[in-house]
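One letter stands for each residue in the lines below.
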Amino acid sequence: MDRLDLMLRIEDARQLLYRMHMEYGSLLHPEVIQQSVVLDGLINQYNRVKVGKTMN
């Protein structure tokens, strides 16, 4: 997966997290936490790709 694709997926995940927070009214709701984990994973993946590109 390339950086642009990851950036788009991160933005989609971020927007979904925001909407879920508004819907459930708490960052501690289990579904909101799960979406946060998804977002964190995408950000970590992006950082790994970014670091890999700069090291080559």
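Just above, that's the structure.
Residues numbered from 1 in each chain as written. Predicted model: local features only at pLDDT ≥ 70, side-chain atom pairs only at ≥ 80, totals over all residues. Heavy atoms only, no water.

(A) View of the pattern of salt bridges. This model, assessed by the stated rule, comprises one salt bridge. Here glutamate 11 makes a salt bridge to arginine 14, at a shortest N to O gap of 2.5 Å. Placement of both glutamate 11 and arginine 14 in helix H1 (residues 3-24) is noted, with a separation of three residues, approximately one turn of the helix. Classification of glutamate 11 by relative accessible area gives partly exposed; the value is 31%. (Salt bridge = Lys/Arg side-chain N within 4 Å of Asp/Glu carboxyl O. Helix = DSSP H or I, 4+ residues; strand = E, 2+ residues; numbered from the N terminus. Buried < 20%, exposed > 50% of the residue type's maximum accessible area, 1.4 Å probe, protein only.)

(B) Structural context of the environment of methionine 1. For methionine 1, the position within the fold is in the segment before H1. For methionine 1, a relative accessible area of 49% gives the class partly exposed. For methionine 1, the residues in contact, after removing those within four places along its chain, are Leu6, Arg9, Gln45 and Val49. (Contact = heavy atoms within 4.5 Å.)

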